[in-house]
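# A structural walkthrough
So the chains spell out like this:
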Amino acid sequence: MTVLAMALLALLAAWTALAFNRLVRLRNQTRTAWADIDVQLQRRHDLVPQLVTVAQGYAAHERATLEAVTALRTQAQAAHGAARQGAAEAALEQALGRLVALREAYPDLKANQNFAQLSAALIEVEEHLQYARRFYNGAVRDYNDASQRFPALLVARGFGFGAAEFFQAEGDNRAAPTLELAP
C-alpha cells in the first residue's frame, strides 16, 4: 500500500509542478504582451507633443482641441491597470483623431511636411498598438482560462495566481478614429 500511495503522491506532485509551470509561463506571456502594449503607448505619447506643437502654429484658434489632447496624454500616462489605461487611451485615441482631422480644415497644416511625417508615424503606432492589444488580450484569455479550470484552479488559488484584466476601450460601439493620410 505504501508503494501505491507514494506513486500517487509522486504523480500528484508532478502534475502540480507541471500545472504551476504552465501558469507561470502564461502569466509571463501576459506580462510580456502588456510590456509590448506599453512600448506602443509610449511611442504614441512621445508623438503627441510634437503633433500639438506643429498644429499650434497653424490652428491657433483650435486651442481647446490641442489642450484636450495634451491633458488626455497626461491622464493616459498616469493611468494604471489594463481597464483604467484602456479607458484613458480610448479617450486619447479619439482626441488624436480630431487633431489629425485638423489638417482638412487647414491647408497649410496639410502641406506641412513635419505634420505629415508625424501623422504617418502615429498611424504606424496605431497599427502596432492594435496588434499588441489583440495579442495581449489573447494571452490574458489563455492565462485566465488555464487558471480558472478545474483542477488547475486549485494550483492557481494555492499559489496566488489571480485573474488578469483585458485591455479594452470603453463602450462596445465606439467609433474608430480616422487616422488616414489624404494625398
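The present account deals with the structure reproduced in this document.

## Focus on the overall build of the protein
The helix and strand inventory of the protein stands at six helices and zero strands. Ordered by position in the sequence, the α and β elements of the protein form the string α-α-α-α-α-α. Taking all 183 residues of the protein together, 38% fall into the buried category. Relative to all contacts within the protein whose residues are 6 or more apart in sequence, the contacts with residues 24 or more apart total 80%. Summing over all exposed atoms, the protein offers an accessible surface of approximately 10800 Å²; the carbon and sulfur share of this is 57%.

## Let's talk about the packing of helix H3 (residues 82-105) against helix H5 (residues 113-148)
Their axes nearest at 12 Å, the elements H3 and H5 cross at an angle of 155 degrees. With respect to their mutual orientation, H3 and H5 come out roughly antiparallel. Helix-helix and strand crossings are classified by hand; for H3 and H5 the assignment is left-handed. The segment H3 lies against H5, with Ala 82, Glu 89, Glu 93, Leu 96, Leu 99, Val 100 and Arg 103 engaging Phe 115, Ser 119, Leu 122, Glu 126, Arg 133 and Tyr 136. Its residues placed into classes, the contact of H3 with H5 shows seven nonpolar, one polar and five charged.

## Let's talk about the nonpolar core
In terms of nonpolar packing, the biggest core is built from 24 residues, with Leu 51, Val 69, Leu 92, Leu 96, Leu 99 and Leu 109 touching the most fellow members. Elements with a contribution of two residues or more to this core: helix H1 (2-58), helix H2 (63-78), H3 and H5. Among the elements that make up this core, the one with the highest residue count is H3 (seven residues).

## Observations concerning the pattern of salt bridges
It is possible for side chains bearing opposite charge to pair when their charged atoms get close. Scanning the model with the defined rule gives seven salt bridges in all. For the salt bridge of Arg 44 with Glu 93, the shortest nitrogen-to-oxygen distance reads 3.2 Å. In this pair, Arg 44 sits in helix H1 while Glu 93 sits in helix H3, placing the two residues 49 residues apart along the sequence. Of the two residues, Arg 44 and Glu 93, both sit in the buried class. A salt bridge links Arg 133 to Glu 93; its shortest N-O distance comes to 3.2 Å.

## Looking at a nonpolar patch on the surface
Among the surface-exposed residues, Leu 4, Leu 8 and Leu 11 lie close enough to one another that they form a single nonpolar patch of about 330 Å² accessible area. Here Leu 8 shows up in helix H1. A relative accessible area of 52% means that Leu 8 is categorised as exposed.

## Side note on the side chain of His 45
Inspection of the secondary structure puts His 45 in helix H1. Given a relative accessible area of 2%, His 45 falls into the buried group. With sequence-adjacent residues up to four places away left out, His 45 is seen in contact with Arg 73, Ala 76, Gln 77, Glu 89 and Leu 92.

## Some words on the packing of aromatic side chains
According to the stated counting rule, one finds five aromatic pairs in the structure shown. Both rings, one in Tyr 131 and one in Phe 135, keep their centres 6.4 Å apart while their planes meet at 25 degrees; by these two values the pair is stacked. Placement of the pair is Tyr 131 and Phe 135 together in helix H5, with a separation of four residues, close to one helical turn. In textbook terms, an aromatic cluster arises when at least three aromatic residues are bridged by ring pairs, as seen for Phe 20, Phe 159 and Phe 161.

## Here we look at the environment of Val 100
Position of Val 100 among the secondary structure elements: in helix H3. As for Val 100 and Val 52, which are separated by 48 residues in sequence, their C-alpha atoms are 9.7 Å apart.

## Focus on the environment of Ala 19
The topology assignment puts Ala 19 in helix H1. By relative accessible area, Ala 19 is classed as buried at 11%. Residues Ala 19 and Ser 147 lie 128 residues apart in sequence; the distance between their C-alpha atoms is 9.1 Å.

The rules we used
- Residues numbered from 1 in each chain as written.
- Predicted model: local features only at pLDDT ≥ 70, side-chain atom pairs only at ≥ 80, totals over all residues.
- Heavy atoms only, no water.
- Helix = DSSP H or I, 4+ residues; strand = E, 2+ residues; numbered from the N terminus.
- Buried < 20%, exposed > 50% of the residue type's maximum accessible area, 1.4 Å probe, protein only.
- Contact = heavy atoms within 4.5 Å.
- Areas by Shrake-Rupley, 256 points an atom, 1.4 Å probe, with all protein chains shown as cover.
- Axes fitted to C-alpha atoms, helices over the stretch in contact; angles between N-to-C directions.
- Parallel < 35°, antiparallel > 145°, perpendicular 65-115°, else oblique.
- Left-handed = near helix turned anticlockwise from the far one by under 90°.
- Nonpolar A, V, L, I, M, F, W, Y, C, P; charged D, E, K, R; others polar.
- Core = buried A, V, L, I, M, F, W, Y, C linked by side-chain atoms within 4.5 Å.
- Salt bridge = Lys/Arg side-chain N within 4 Å of Asp/Glu carboxyl O.
- Patch = residues over 30% accessible without salt bridge, like charges linked within 9 Å, V, L, I, M, F, W, Y side chains within 5 Å.
- Phe/Tyr/Trp six-rings, centres within 6.5 Å; stacked < 30°, edge-to-face > 60°.

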